[in-house]
Amino acid sequence: MKKYICAFAAIAFLGFAQSCKKDSEFLDKQPTNVLPIDAVWKDQNLVLTVVGDLYDRYPDYQTIEAWSIFTVFDEAFASSGGDYGRHQNLEYGYDSWRYWDLGVYGYIRDLNMFIKRGQESTQLKAEDRDRFLAEARFIRAGVYFEMVKAMGGVPLLTTPLEYDNSGNVANLQFPRSKESEVYDFVISELEAIKTILPDDPTVQSRATKAAALAMESRAALYAGSIAKYSNSQLTLPGGEVGISSSLANGYFTKSLNAAKEIIAGGKYTLYKKNPTLSDNFAALFTDKSNNPEVIFVKDFKLKTNKVHGFTIDNQPRSSAEEAQGGRLNPSLNLVQSFEKLDNTYASMASVDGSGNPVYYAGITDIFAGRDARLAGTVILPGTLFKGKAVDIWAGYQLADGSIVTGDNFGQSKTNALPGTSGSVQVVGGDGPIDGLEFSAQSGFYVRKYLDPAKGSGQIGTRSDVWWVRYRYAEVLLNAAEAAFELGDLAAAAEYIKPVRDRAGLTIALTPAQITFDRIVHERKVEFAFEGHELWDMKRWRLADKVWNGNNMSTNDFINATNIGSATRTSTQVFGLWPYKYYNPGNANHLKYVFKVVKPSRVTAAHRFRIGNYYSSIGQDVLNGNPKIVRNPNQ
């Protein structure tokens, strides 16, 4: 029986071909729907089409193509009626984040078959064939990395399996490999292919030497953390789950060496094109022209089917190009994590040490003197997007403490304020209004990944901002963390310094100030809304401590003593609402006062259970293969 492989239409390739002009001539070819697999490896353009499909299926858990996934934990509130349930879910299911099914292994089979046929091929130039094979191995390593992060050890298949129609499937049933063995495979594959792949920083949506090293550094760092921070509850006798602590330093060394190889290569730098630090940080994710920081992305292209609606879904509602936006509201939990420029943490509760309200002349004053990444990640009240002021304020607070507000965007009321007549606006055009979807119910909108280009907020145009999977700042922070874990605090301080310098934090941390809490904090604020949070919390074994099921109160935000603690409880999302103080004749008249709020749709405290560290294996998999053992604590 012949094996067939789909050759997807050229449009499926557009998402990554943009960065590789030497391959772009394929876009002029007419696609062929189905080809015998042997025929594919006779034509470079046909191989390129298949590679395009393999890249297009690369797994991402959190991405700009699914904004609501960023509201599953504590980074943001989902200001969309259909997504409020994310804040009313007490426990995460054991099947959450599962990445093991027939589709995944079908993907691996396609990769294995592609590699096998490529190794047998003699039709292409050796350098072209070798690059294609290295790309497939890179993708396969990435798939296994995603599987081991979610599942622990999985059956490690590197050749295509064949069913002989005998009715006996025993030869197709494989046990789970050890968790360490899967990590070792990922690391060794990336080491093996790094010199085959192009060492070209202008290639960003296909595998390169730096992309392989960046993935290796991340994978080895994860393995090292699991080995160091695991415990007896998170192991299985056969090693399918859990890594020996004796292996931790070996993995940290591999992570550090991979990062150092990228750094020493000198081909990547931090993005520093804009002198305004917050604008610069925001532009890092939208600037696709000679971006020196980006290593590996999922790309998109306007006027094709490779576009996305992140900007449409999340743009500020009051200035939207269409009546769309406002869904992803960053939490006060995240916003308050951004430290002051003197390297200290401070509460954003608008009260002084005696509990008296603090009044601010300008609505942005409360955020002054903070890490520039805050305003580069979050749209703050009173700031601009696409040249228009974002209108976020919750109403008026009167002298007696009562509130005058509205229940719709930018609502005006007549005779609403004491001593006045006529109509006056009593709430911002973007809210916040409790329970009104698309308003800024946390007091903030997201900025990271919002497209500033004209038309990006229109349904008919949408956006081609790319999704950044690996970038140079992560390489530096990987190196800092690995060096810290290996006891070299001086090196850790040097690696972390340029990332913090770019954020305006110019008082360098001393080696003695590099602590585990600092490592955790730095990744939290640098990588917000980039898909790192879940996996970092899992590998550090912090998830059950931070998302511990305990309810939170406004006092948790007034108390600033543990803001920088890696184990600070963060089970419910909070917001910060600005009010205009109305008291004619008073020195604080029309200044701003801020209140910490818990949106009323937040009714449950998230609980991450020990059994959530490894996703459950589907019963269909267990029924079909008696060699598979269950994950623990479920």
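Whatever comes next refers back to the structure up there.
All figures in this text were calculated on a predicted structure; none of them were measured in a lab.

1. What about the nonpolar core?
Ranked by internal contacts, the top residues of the largest apolar core, which has 116 residues, are Phe138, Tyr144, Met147 and Tyr183. Broken down by element, this core gets its largest block of residues, 14 residues, from helix α5 (residues 126-151). With residues up to four places along the chain from it excluded, the contact list for Met147 reads Tyr99, Trp100, Val104, Tyr105, Ile108, Gly152 and Val154. Grouped together as the second largest cluster of nonpolar side chains are 60 residues, Leu284, Phe338, Val390 and Leu576 included.

2. Quick look at the environment of Asn314
Within the fold, Asn314 resides in helix α10 (residues 310-314). For Asn314, a relative accessible area of 0% translates into the label buried. In this structure the C-alpha to C-alpha distance between Asn314 and Arg327, which are 13 residues apart in sequence, comes to 5.1 Å. Within the structure, the side chain of Asn314 is placed 2.9 Å from the backbone oxygen of Phe310, a separation counted as a polar contact. A polar atom in the side chain of Asn314 sits 3.0 Å from the backbone nitrogen of Leu328.

3. Description of the pairing of strand β4 (residues 294-298)
Counted residue by residue, β4 has 5 buried out of 5 residues, so it is predominantly covered. As paired elements, β4 and strand β14 (residues 467-471) share 4 bridges and run antiparallel to each other. Among the inter-strand pairings, Val294 is bridged to a residue of β14, identified as Arg471.

4. With respect to the pairing of strand β16 (residues 592-597)
For β16, the buried fraction is high: 5 of the 6 residues fall into the buried class. Pairing of strand β15 (residues 575-582) with β16, which is carried by 6 bridges, proceeds in the antiparallel orientation. Counted as the bridge partner of Leu576 is Val596 from β16.

5. Quick word on the layout of surface pockets
In this structure, the largest pocket spans a volume of roughly 760 Å³. As for the largest pocket, its lining consists of 27 residues, of which Leu102, Tyr105, Leu157, Leu161 and Leu172 are closest to the centre. For the lining of the largest pocket, the secondary structure elements donating two or more residues are α4 (102-120) and α19 (619-624). Examining the composition of the lining of the largest pocket, we find that 6 residues originate from one element, α4, more than from any other. Looking at the lining of the largest pocket residue by residue, the class counts come to 15 nonpolar, 7 polar and 5 charged.

6. A closer look at the packing of helix α13 (residues 472-485) against helix α15 (residues 516-526)
Two elements in contact, α13 and α15, have axes whose closest approach is 10 Å; the angle formed by their N-to-C orientations is 170°. Compared by their axis directions, α13 and α15 come out roughly antiparallel. Side by side, α13 and α15 meet where Ala473, Glu474, Leu477, Asn478, Ala480, Glu481, Phe484 and Glu485 of the first sit next to Phe516, Ile519, Glu522, Arg523 and Glu526 of the second.

7. What to know about the packing of helix α6 (residues 179-193) against helix α7 (residues 209-229)
Interhelical geometry of α6 versus α7 gives an angle of 160° and a closest axis separation of 9 Å. In terms of orientation, α6 and α7 fall into the roughly antiparallel class. α7 is crossed by α6, and the crossing has left-handed handedness. Across the interface between the two elements, Glu179, Tyr183, Val186, Ile187, Leu190 and Glu191 of α6 pack against Ala212, Leu213, Met215, Glu216, Ala219, Ala220, Tyr222, Ala223 and Ile226 of α7. Each residue belonging to the contact of α6 with α7 can be placed in one class, and the counts come to 12 nonpolar, no polar and 3 charged.

8. Let's talk about the packing of aromatic side chains
A complete count under the given rule lists 33 aromatic pairs for this structure. Ring geometry for Phe138 versus Phe296: centroids 5.2 Å apart, planes at 90°, classification edge-to-face. Placement of the pair is Phe138 in helix α5 and Phe296 in strand β4, with a sequence separation of 158 residues. Its relative accessible area of 0% is what places Phe138 among the buried residues.

Basis of the calculations
- For every chain, the first residue of the written sequence is number 1, and numbering continues from 1 along that sequence.
- At least 70 in pLDDT is required for a residue's local features to be given in this predicted model, at least 80 for side-chain atom pairs to be given and counted, and no such filter applies to totals for whole chains, interfaces and linings, which use all residues.
- Side-chain figures throughout are based on the complete set of non-hydrogen atoms in the structure, without hydrogens or water.
- Take the buried Ala, Val, Leu, Ile, Met, Phe, Trp, Tyr and Cys residues and link them wherever side-chain atoms come within 4.5 Å; each set so joined is a nonpolar core.
- Using a 1.4 Å probe on the protein chains alone, a residue whose accessible area is under 20% of its type maximum counts as buried, one over 50% counts as exposed, and one in between counts as partly exposed.
- Numbering of helices and strands runs from the N terminus; a helix is a DSSP stretch of H or I covering at least four residues, while a strand is a stretch of E covering at least two.
- By definition in these notes, contact holds between two residues if any of their heavy atoms fall within 4.5 Å.
- Under the rule applied, a polar contact is a pair of N or O atoms within 3.5 Å (in protein, one hydrogen donor and one hydrogen acceptor; residues adjacent in sequence only if both atoms are side-chain atoms).
- For two strands to be treated as a pair, DSSP must find at least two bridges joining them.
- Think of a 1 Å grid over the protein atoms and nothing else: a 1.4 Å probe that fits but is trapped marks a cavity, an open set flanked by protein within 12 Å on at least five of seven lines marks a pocket, and residues with an atom within 4 Å of a point count as lining.
- Grid points are joined across faces, edges and corners, and a volume is the space filled by probe spheres set on the points.
- Ten residues, namely Ala, Val, Leu, Ile, Met, Phe, Trp, Tyr, Cys and Pro, are considered nonpolar, four, namely Asp, Glu, Lys and Arg, are considered charged, and the remaining ones, Gly among them, are considered polar.
- In this description, a line fitted to the C-alpha atoms serves as the axis of each element, helices being fitted only across the stretch in contact, and the angle between N-to-C directions of two axes falls anywhere from 0 to 180 degrees.
- Under this scheme an angle from 65 to 115 degrees is roughly perpendicular, one under 35 degrees roughly parallel, and one over 145 degrees roughly antiparallel; angles in between are oblique.
- Take the far helix as your reference; a near helix turned counterclockwise from it by less than a right angle gives a left-handed crossing, and one turned clockwise gives a right-handed crossing.
- The aromatic pairing rule takes the rings of Phe, Tyr and Trp, using the six-membered ring of Trp, and pairs them if the centres are within 6.5 Å, calling planes under 30 degrees apart stacked, those over 60 edge-to-face and the rest tilted.

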